[in-house]
Amino acid sequence: MEELVVRVTEADHAYHTLDSPILPDSKYDAMKSQLRQLEDAYPELKRDDSPTGSVGAVPLKGFAKVRHLKTMLSLDNAFNEKDLSDFVDRIKRFLSLDPATVVAFTAERKIDGLAISLLYEKGTLVRAATRGRGDVGEDVTANIRTMSAVPKNIKNSPDVIEIRGEIYMTRDEFEKLNAQQALQVEKDMAEGRKSMAKVFANPRNAAAGSVRQLDREVTRSRKLKFLAHGWGEVSEPMAQSHSEAVARLSQMGLPVNPAIHKCRNLEEMLNRYNSELAGRPQLEYDIDGVVYKVDSLVLQERLGSASTAPRWAIAFKFPPEKVWTRLLDIDIQVGRTGVLAPVARLEPVAVGGVTVANVTLHNEDYIAGRDAKGEPIRDGIDIRVGDFVQIYRSGDVIPRIAAVDLSKREDSSSRFEFPAACPSCGADAPRSSTDSMRRCSGGLACQAQALEGLKHFVSRQALDIDGLGEKIIEEFYRTGEITTPADIFTIEQRLGRAGTPLEERKGWQEKSAQNLYRQIEDSRQVGFVQLLIALGVRHVGVQTSELVAEHFRTWDRFLNAMQQARELSGPDWEGLVSIDGIGDVTAASLVGTFNNREFKRIVDDLMQNLDISSFEAPDMPGSPLAGRAIVFTGTLQAMARAEAKARAEAMGARIYGAVSNKIDLVVAGKGSGKKGERARQLGIEVIEEEAWLQLLGISATDPELAEELPLLAS
Ligand code: IVH
């Protein structure tokens with residue numbers, strides 16, 4: 001019993017709090033039920049802190065959420081030479097540069113640590129925050145202040161600057177810490193205590209665990225290091241180039257990595273990668289690749305960012321570690337849109353710093369050894385239960401299968417037969433003609449879909465109710481107390497009237513119940529974008545939801561348009577598909593879903609319980625384009641279409657592909673033809689390239705800009 005308590009508790013913590021499971025579900029369930037049986041047989045031996053009596057684990061709480069002044073983005077990845085050369089080509093194309101033009105890049109080590117943002121005001125550290133969701137992170141100021149590697153004061157700095165960098169632990173320090181932790185765990189177990197000590201999988205986790213620590217004395221004892229590699233908000237220009245800016249960070253008194261090199265072409269970039277790869281084992285800290293950044297800050301500014309990563313930087317990742325393990329079983333999971341997703345259960349194995357027990361098998365073609373076009377993958381070798389498979393973690397997170405060892409395959413093995421019906425509700429699961437996926441046709445009547453839909457509804461990017469973790473939602477779904485999104489908002493009232501109050505249930509206390517109810521109350525006030533994401537319409541993710549909200553502004557207007565567009569024609573349909581970034585498939589999915597009877601009922605019920613705020617365009621005082629709907633047509637000379645759109649968006653404009661009476665402005669380049677004509681007929685303002693550049697504040701005759709916009713100069 002003692003051992004089961006420790007192992008189940010650890011698995012709970014890994015699953016719920018760290019989001020990194022260490023046991024296959026089947027094993028976890030077996031251990032937990034064995035523990036429960038023993039506890040029923042010997043109640044006097046049941047420990048007060050037994051994990052059988054709790055739903056989920058304590059979420060990491062205690063850190064206030066803080067909004068970064070500038071969003072913390074992440075980096076796009078390159079995995080091979082081609083990805084890197086595509087990156088360079090893409091940049092030149094975006095900037096309308098001749099392929100032969102030299103664009104200088106810096107190359108830096110990608111440190112495998114915890115991203116941090118340090119806010120300095122008038123040279124004094126006033127706040128430290130983790131990346132969190134990107135826009136909002138956790139306030140870890142008190143912990144960071146204990147670190148001697150982070151200066152509390154910097155000199156000659158801008159009035160306001162958010163320093164971005166990496167907190168990490170050296171390999172030596174990590175080994176020492178883990179040895180101590182292991183001793184502590186052993187000691188606690190020997191003395192029958194539940195151990196709070198944790199053995200970390202890798203230096204990155206150790207660094208993250210040491211910062212996201214409620215007891216700051218623990219952080220202090222961990223000897224963490226810090227290196228600055230950039231900045232977010234800053235009250236004055238930093239420099240002309242990234243390399244100069246890094247030198248300036250160093251002059252301010254911030255630790256920076258001296259290993260920063262300038263590269264003038266792809267060959268130099270690849271050489272840098274190879275020498276960092278070769279030198280990696282000798283470093284005192286872990287790195288997982290090389291980060292390349294466009295050196296010129298003017299060019300960085302022009303390139304701007306896509307939704308999650310800047311266009312001017314990329315991380316070229318080192319090749320992943322690969323390991324062999326046995327494939328124990330293949331399960332079919334049903335996703336919220338009905339997709340039948342095959343998952344391989346593996347003999348758990350350590351790879352790339354974490355223990356992997358599950359790996360996605362994508363679809364039936366993938367299992368059979370074919371890609372979407374019918375071409376062989378893995379030399380056409382299929383995947384079978386019982387096979388030895390080679391695993392790696394791609395893009396650093398998602399585990400995948402690299403190869404199958406045929407020499408170890410047993411003669412008695414047979415090909416995996418992919419089900420043609422939903423394993424949850426039994427409805428037909430026909431194959432889609434476009435993506436090799438089978439989808440359950442049971443719709444909202446399928447329990448698996450409904451449950452996954454609920455999990456998505458409360459997830460971070462949607463309504464963000466973190467008190468309703470997966471296990472808790474599953475439990476409420478099992479009891480029938482929450483089966484639709486609207487049920488979440490009536491649960492407190494219903495449990496108050498009938499049934500066992502939450503605080504009297506296993507695993508709940510007065511305080512955790514109150515916390516959950518408070519979170520639910522808070523989430524009644526929801527934004528258009530969050531709500532649309534939460535409803536989980538197929539093909540409609542974060543980006544599409546933002547475009548839709550920007551276009552319609554209010555939820556009522558949106559619902560009304562969806563109804564008007566139900567025949568996939570008419571002005572409301574045209575309006576929807578004219579949004580740049582929304583194609584026919586996405587639009588049809590939206591309209592179809594919002595006209596589905598069952599879905600409409602769910603939305604109606606939900607609206608009784610929510611206060612939906614309209615989309616608010618970000619405040620951009622002084623921007624001549626803020627809130628304006630723009631169509632680009634014809635060829636622009638000074639900048640490629642992509643850059644023109646990105647600039648307009650950055651200044652608060654909405655971009656459309658078709659001219660209609662909803663459009664405020666048409667930018668007509670060379671050969672604009674029909675669209676320009678139609679715009680003039682409708683009385684819409686049409687401007688040519690020169691006026692467009694003026695709107696952007698660029699003068700074609702400005703010599704400095706002409707240098708950056710080479711086509712203008714010519
Ligand atoms: S630049 C706009 N430079 O990698 C994002 N990031 O995978 C700019 N990282 O969140 C990031 N070493 O925490 C940059 N030399 C380096 C880095 C580095 C490590 C981390 C960083 C970022 C993550 C992206």
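Residues numbered from 1 in each chain as written. Predicted model: local features only at pLDDT ≥ 70, side-chain atom pairs only at ≥ 80, totals over all residues. Heavy atoms only, no water.

1. Here's the deal with the layout of surface pockets
Quick note on the threshold: Definitions used for this entry: grid spacing 1 Å over protein atoms alone; cavity, a set of points where a 1.4 Å probe fits but cannot get out; pocket, an open set with protein on both sides within 12 Å along at least 5 of 7 lines; lining residue, one with an atom within 4 Å of a point. Grid points are joined across faces, edges and corners, and a volume is the space filled by probe spheres set on the points. Helix and strand definitions follow DSSP, with helices as H or I runs of at least four residues and strands as E runs of at least two, each counted in order from the N terminus. The residue classification treats Ala, Val, Leu, Ile, Met, Phe, Trp, Tyr, Cys and Pro as nonpolar and Asp, Glu, Lys and Arg as charged. All others, Gly included, are polar.
Of the pockets and cavities examined, the second largest pocket occupies roughly 770 Å³. As for the second largest pocket, its lining consists of 32 residues, of which R336, G443, L444, Q449 and F599 are closest to the centre. Listing elements by their share of the lining of the second largest pocket, those giving two or more residues are α12 (447-457), α21 (584-594) and α22 (597-607). With seven residues, α12 is the single largest residue contributor to the lining of the second largest pocket. Counted by class, the lining of the second largest pocket contains 14 nonpolar, 14 polar and four charged residues.

2. Digging into the nonpolar core
Within soluble globular proteins, side chains that are nonpolar tend to cluster in buried spots. Condition: The term nonpolar core refers to a set of buried residues drawn from Ala, Val, Leu, Ile, Met, Phe, Trp, Tyr and Cys, joined through side-chain atoms within 4.5 Å. Burial classes follow relative accessibility: with a 1.4 Å probe on protein chains only, a residue under 20% of its type's maximum area counts as buried, one over 50% as exposed, and anything between as partly exposed. Any two residues having at least one pair of non-hydrogen atoms within 4.5 Å are treated as being in contact.
If you look at the biggest cluster of nonpolar residues, it comprises 65 residues, and the most contacted ones within it are F558, L590 and F594. Per-element accounting of this core gives the leading share, six residues, to helix α17 (residues 528-534). Once you skip the residues sitting within four places of it in the chain, L590 turns out to touch L532, V537, V540, V548, F558, M562 and L576. Counting residues in hydrophobic clusters, the runner-up holds 34 residues, among them L125, M147, F226 and L249.

3. A look at the sheet that holds strand β8 (residues 225-234)
For the record, the criterion: Strand pairing is assigned whenever DSSP detects at least two bridges linking the two strands. Each axis is a line fitted through C-alpha atoms, and for a helix only the stretch in contact is used; angles between axes span 0 to 180 degrees, taken between their N-to-C directions.
Pairing within the open sheet is antiparallel, and its four strands lie in the order β5-β4-β7-β8. Two strands in the sheet have a free side with no partner beyond their single neighbour: β5 (124-130) and β8. Each strand of the sheet is rotated relative to its neighbour by a mean of 30 degrees, with strand direction disregarded. Of the pairings in the sheet, the one linking strand β4 (residues 114-121) to strand β7 (residues 160-168) comprises eight bridges and is antiparallel in character. Each bridged residue has a counterpart across the sheet, and for S117 the counterpart in β7 is R164. Sitting on the sheet, helix α8 (residues 242-251) is in contact with β7 and β8, with an inclination near 115 degrees to β8.

4. Some points on the environment of R131
Rule in force here: Contacts described as polar in this section are N or O atom pairs within 3.5 Å, which, within protein, must combine one atom able to donate a hydrogen with one able to accept it, while residues neighboring in sequence count only if both atoms come from side chains.
Looking at the secondary structure, you find R131 in the loop between β5 and β6 (136-138). Separated by 59 residues in the primary sequence, R131 and M72 place their C-alpha atoms 6.1 Å from one another. What R131 contacts, discounting residues up to four positions off in sequence, is H68, M72, L73, S74, A115, V136 and G137. At 3.0 Å, the side chain of R131 forms a polar contact with the backbone oxygen of L73.

In short, shape yes, function no, at least from these values alone.
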